[in-house]
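A structural walkthrough
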Amino acid sequence: MFHLTKRINRLKIKLSYHFGISKISSMPKMLMLEPTNHCDLKCPLCPTGLEDKTVDRGSMKLEQFKPVIDRLSKYLQSINLYSWGEPLLHKSLVDMIRYSAKTHKIRTITSVHLNNLTDPQVEGIVTSGLDKLIVSIDGATQEVYEKYRVGGNIQKVFTNLKKLVDAKKHHQSNIRIIWNYIVMKQNEKDMALAKEKSQEIGVELTFSLMRTNLKDDILQKTADNLEKDKQWIPDNPDFNPYDMEKKTQKNPITFCKRPWMETFVNWNGDVFPCGCVVTEKKYSYGNVFEQDFQDIWNGEKYVAARKELLDQPNNLETICHICKKNGYFTP
């Protein structure tokens, strides 16, 4: 019955956006939740690394986290416990993972930079039921790595990565540990070395496309962002997501389904339509600590956002309107 509920919910989601329904009876099948937006690195394309002053910093308490999961668990297929901060800085991260992955048996993923892993966290993570641990390492040498992961120590990261691999073997854990390498102009030359290093350590390696400033990418025009951040755009066209002549996204989303499929909950309870968006309170669709989620999910802002994406008349401008206007996706 538990899985039947999720299958029915998934079908209702598809029917809702297919038939242009903005007020829906389904619930999100994916939750992105930010345990903390604190981070000790200064990555130059990240609002947190740039010390964005438009948002407050903090951490969600475990006793706040559990009711959110309890409320949505019977619909959720997956939970991503990360966004703008470093999850390992949260003292209850392992407990949060265990609550979603083991107590509620939901596919759970988190992403870390791995500069500050503690020994208890090593054991906790590999035995928590976590399905996937993404480790962001954008380089294979300190010289290259620190150009973007400012303040990071790659040898410490590799040491921590090996600890996790050893613990995974010891506990015969099914966790997938993935080295994620965002390709930029500054680190293209380290890609071959990264392949060798990942094989030596014993982890999967994925090469990912970069984005210009992760906040302005939504709030500003693509052409302006490319001019401002052109020093980061890789030379290899296979890893450049932008058309440099047209100053547009190469493969923009043609229809964004996210306000039907997923939701993002910030550390302070503020709700947003996806994990792409900035977390300024003025763009929030509601707050799960103050309102029932269903009231937010079918509240005026979520309904207006869906209408915007369906090209239906609506008189309320949301972050989805801004995203669409600035070319992040092209209807």
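Residues numbered from 1 in each chain as written. Predicted model: local features only at pLDDT ≥ 70, side-chain atom pairs only at ≥ 80, totals over all residues. Heavy atoms only, no water.

Here we come to the pattern of salt bridges. What the rule picks out here adds up to 19 salt bridges. Across the salt bridge formed by Lys-197 and Glu-200, the nearest N and O atoms sit 3.5 Å from each other. Of this pair, Lys-197 and Glu-200 both sit in helix 7 (residues 191-201), 3 residues apart, roughly one helical turn. For Glu-200, a relative accessible area of 55% gives the class exposed. Glu-280 is the partner of Lys-215 in a salt bridge, and the nearest nitrogen-oxygen pair spans 2.8 Å. Of this pair, Lys-215 sits in the loop between strand 6 (204-209) and helix 8 (216-219) while Glu-280 sits in the loop between strand 10 (270-272) and strand 11 (286-287), and the two are 65 residues apart along the sequence. (Salt bridge = Lys/Arg side-chain N within 4 Å of Asp/Glu carboxyl O. Helix = DSSP H or I, 4+ residues; strand = E, 2+ residues; numbered from the N terminus. Buried < 20%, exposed > 50% of the residue type's maximum accessible area, 1.4 Å probe, protein only.)

Once that is clear, we can look at a nonpolar patch on the surface. Residues Leu-11, Leu-15, Phe-19 and Ile-21 make up a contiguous nonpolar surface patch of about 390 Å² in total accessible area. Tracing the chain through its elements places Leu-11 in helix 1 (residues 2-18). (Patch = residues over 30% accessible without salt bridge, like charges linked within 9 Å, V, L, I, M, F, W, Y side chains within 5 Å. Areas by Shrake-Rupley, 256 points an atom, 1.4 Å probe, with all protein chains shown as cover.)

Our next topic: the pairing of strand 5 (residues 176-183). Among the 8 residues of strand 5, 7 are classified as buried, and the element is accordingly described as predominantly covered. Looking at chain direction, strand 5 and strand 6 are connected through 6 bridges and run parallel. Bridging from a neighbouring strand, Asn-180 pairs with Thr-206 of strand 6. Following the chain from strand 5 across helix 7 to the adjacent parallel strand 6, one finds a crossover that is right-handed. (Pairing = 2+ DSSP bridges. Right-handed = clockwise from strand over helix to strand, strands pointing away.)

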